[in-house]
Amino acid sequence: MATKRDVVFVDGVRTPFGRAGERGMYWGTRADDLAVKALQGLLERNPEVPLDRIDDVGIAATTQQGDQGLTLGRTVSLLAGLPQSVPGFALDRMCAGAMTVASFMGSAIGAGQYDLAVAGGVEHMGRHPLGLDADPNPRFVAEKLVSAEALNMGVTAERIHDRLPHLTKERADRFGMNSQHRVQAAYDRGDIQADLVPVAIRSAEGWSMATEDEGRRPETTMEGLAQLKTPFRPHGRVTAGTSSPLTDGATMSLLAGGDTAKELGLRTKMRLVGYGFAGVEPEVMGLGPVPATEKALRRAGMSIDDIGLFELNEAFAVQVLSFLDHFGIDDEDPRVNPWGGAIAFGHPLAASGVRLMTQLARQFEQRPDVQFGVTAMCVGLGQGGSMIWENPHYTGKKSARKRTGGTA
């Protein structure tokens, strides 16, 4: 019987993220072509990988229809030029789609069933808006299992403000502003561009290249944010400035067994320590990362104090603030989203989990003083996901945490 082994994050890339809708740069681009481009970019960066050794390709999408349907892992694999012997699948856990694929692949590798696997996600929210053609079971509302408002993510963010009134609009505005400023500072340093795969795009003006994230607003100020409308509730607290925008984009990552990476001469950027997924009330879905992270830490024999970097998905500012408040972390703690987050980058739903991983891996390279990091996100309908990673570049004293082999 196979024994547990190390699971490593070899590499991750993504397309630049674009604004969803007719004015967005990807309006004329197919969703599956975005995923193909990301997968090709990943493989081109890692020519040592024998394509026929890839055991599986998993690609997540939330709205699986049209050019975002048809078992994306398999179709994108074939379109990207992988051998026909490589299988693939599609998965949906809404915002945590790619994170779930990565955790599944990690478990399969840790159990000795896979050696190499691709985990990614794509969302073309311009062509496939969240919930398009969905038909929620009427029992949810009729039997009062879930409030009808729980299907509106913005309303769930307003409800966190209601439940935790000390998380004020001013705190959320400041967090949103800081996200924009941190993203631009990371761009100015060249920290983001290295993991972006340029995409050829077509518009009325002709062909061009998408090379940067389209939705950034580095000019954001507190005064400007204070004037924004609250679309989810009259006199509410959630605005466009404290929410992730509707976004198109794709992400891809390569995971491997530690022994396989060594055999093939692949660089190890992170080691998977463990992960956790948890459910919460759908009406306050943004609280999901808290129990998910607690579960992951408990299974790994760790505490929040062991974590030196956090990559938290900024679906809404208040959602991140609720996580920080629970764990006693300051709103502007430099460990948290040091290069900004989804409020500025954008959040192409199922793709975002791998963006968090790719960004954390790049930060690990620059921070040999940090041993562990977390990638975490909330999920629609009341869920959360969290993954704990170890920095292979760490130069300090190793902690005596429980080794999980990536199968927590």
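Since this is a predicted model, take the numbers as computed values, not measurements. (Residues numbered from 1 in each chain as written. Predicted model: local features only at pLDDT ≥ 70, side-chain atom pairs only at ≥ 80, totals over all residues. Heavy atoms only, no water.)

Visitor: Provide a residue-level description of the overall build of the protein chain, including the pertinent values.
Guide: Of the regular secondary structure elements, the protein chain holds twelve helices and twelve strands. With the principal axes as the frame, the protein chain shows a C-alpha extent of 60 × 55 × 50 Å. Looking at the 408 residues of the protein chain, the share that counts as buried comes to 60%. The contacts in the protein chain between residues at least 6 apart in sequence include a share of 80% that link residues at least 24 apart. Summed over its atoms, the accessible surface of the protein chain is roughly 16100 Å², and 52% of this surface lies on carbon and sulfur atoms. Seen as two clouds, the 43 positive and the 49 negative side-chain charges of the protein chain have centres 3 Å apart. (Helix = DSSP H or I, 4+ residues; strand = E, 2+ residues; numbered from the N terminus. Buried < 20%, exposed > 50% of the residue type's maximum accessible area, 1.4 Å probe, protein only. Contact = heavy atoms within 4.5 Å. Areas by Shrake-Rupley, 256 points an atom, 1.4 Å probe, with all protein chains shown as cover. Lys, Arg positive; Asp, Glu negative; His and termini not counted. Charge placed at Lys NZ, Arg CZ, Asp CG, Glu CD.)

Visitor: Tell me about the UniProt feature "domain: Thiolase C-terminal" (unreviewed entry) in the protein chain, and please be specific about residues and values.
Guide: When the UniProt feature table is mapped onto this chain, "domain: Thiolase C-terminal" (unreviewed entry) is found at residues 268-390. Split by type, residues 268-390 is 34% helix and 24% strand. Its first and last C-alpha atoms lie 11 Å apart. (UniProt positions renumbered as here; feature names shortened; annotations may be inferred.)

Visitor: Before we move on, could you go through the UniProt feature "active site" (unreviewed entry) in the protein chain and cite the residues and values that matter?
Guide: Under the UniProt annotation, the feature "active site" (unreviewed entry) is placed at Cys95, His347 and Cys378. Taking the farthest pair of C-alpha atoms as the criterion, the annotated set spanning 284 residues converges on one region, since that pair is 11.9 Å apart. Checking the named residues against the largest pocket, the ones that line it are Cys95 and His347. Tracing the backbone through its elements, the reader meets Cys95 in the loop between strand 4 (88-91) and helix 3 (97-110). Not counting residues within four places of it along the chain, the set of residues in contact with Cys95 comprises Thr62, His347, Leu349, Ala350, Met377, Cys378 and Val379. Its place among the elements puts His347 in the loop between helix 11 (342-345) and helix 12 (352-366). Assessed through its relative accessible area of 4%, His347 is described here as buried. Leave out the neighbours within four places in its chain, and His347 touches Cys95, Met125, Ser244, Pro245, Thr247, Asn313, Ala315, Ala342, Ser352 and Met377. (1 Å grid on protein atoms, 1.4 Å probe; cavity = no way out; pocket = protein on both sides within 12 Å on 5 of 7 lines; lining within 4 Å.)

Visitor: How would you summarise helix 5 (residues 153-163) if you had to cite specific residues and measurements?
Guide: Summarising burial for helix 5: eight of the eleven residues are buried, a large majority. Buried within helix 5 are the following residues: Met153, Gly154, Val155, Thr156, Ala157, Glu158, Ile160 and His161. Here the buried face of helix 5 lies against helix 6 (169-189) and helix 10 (317-327).

Visitor: Can you tell me about the state of the cysteines, naming the residues and giving the values?
Guide: Scanning the entire structure with this criterion turns up zero disulfides. Unpaired in this structure, Cys95 has its nearest cysteine sulfur neighbour in Cys378, at a distance of 6.0 Å. Classification of Cys95 by relative accessible area gives buried; the value is 8%. (Disulfide = S-S within 2.5 Å.)

Visitor: Residues and numbers for the nonpolar core, please.
Guide: Ranked by size, the top nonpolar core spans 38 residues in total, and within it Met99, Met105, Met270, Met357, Met387 and Trp389 carry the most contacts. Secondary structure elements with two or more residues in this core: strand 1 (7-14), strand 4, helix 3, strand 5 (116-124), strand 9 (270-279), helix 12, strand 11 (372-379) and strand 12 (383-390). The element contributing the most residues to this core is helix 3, with seven residues. Those residues in contact with Met99 that sit more than four places away from it in its chain are Phe277, Gly353, Leu356, Met357, Thr375, Ala376, Met377, Gly385, Ser386 and Met387. (Core = buried A, V, L, I, M, F, W, Y, C linked by side-chain atoms within 4.5 Å.)

Visitor: Tell me about the packing of helix 9 (residues 289-300) against helix 10, residues and numbers included.
Guide: Direction vectors running N to C along helix 9 and helix 10 enclose 45°, while the axes themselves pass 9 Å from each other. Looking at the two axes, helix 9 sits oblique to helix 10. Taking contact as the criterion, the partners of Pro289, Val290, Thr293 and Glu294 in helix 9 are, on helix 10, Gln319, Ser322, Phe323, His326 and Phe327. The residue makeup of the contact of helix 9 with helix 10, split by class, is four nonpolar, four polar and one charged. (Axes fitted to C-alpha atoms, helices over the stretch in contact; angles between N-to-C directions. Parallel < 35°, antiparallel > 145°, perpendicular 65-115°, else oblique. Nonpolar A, V, L, I, M, F, W, Y, C, P; charged D, E, K, R; others polar.)

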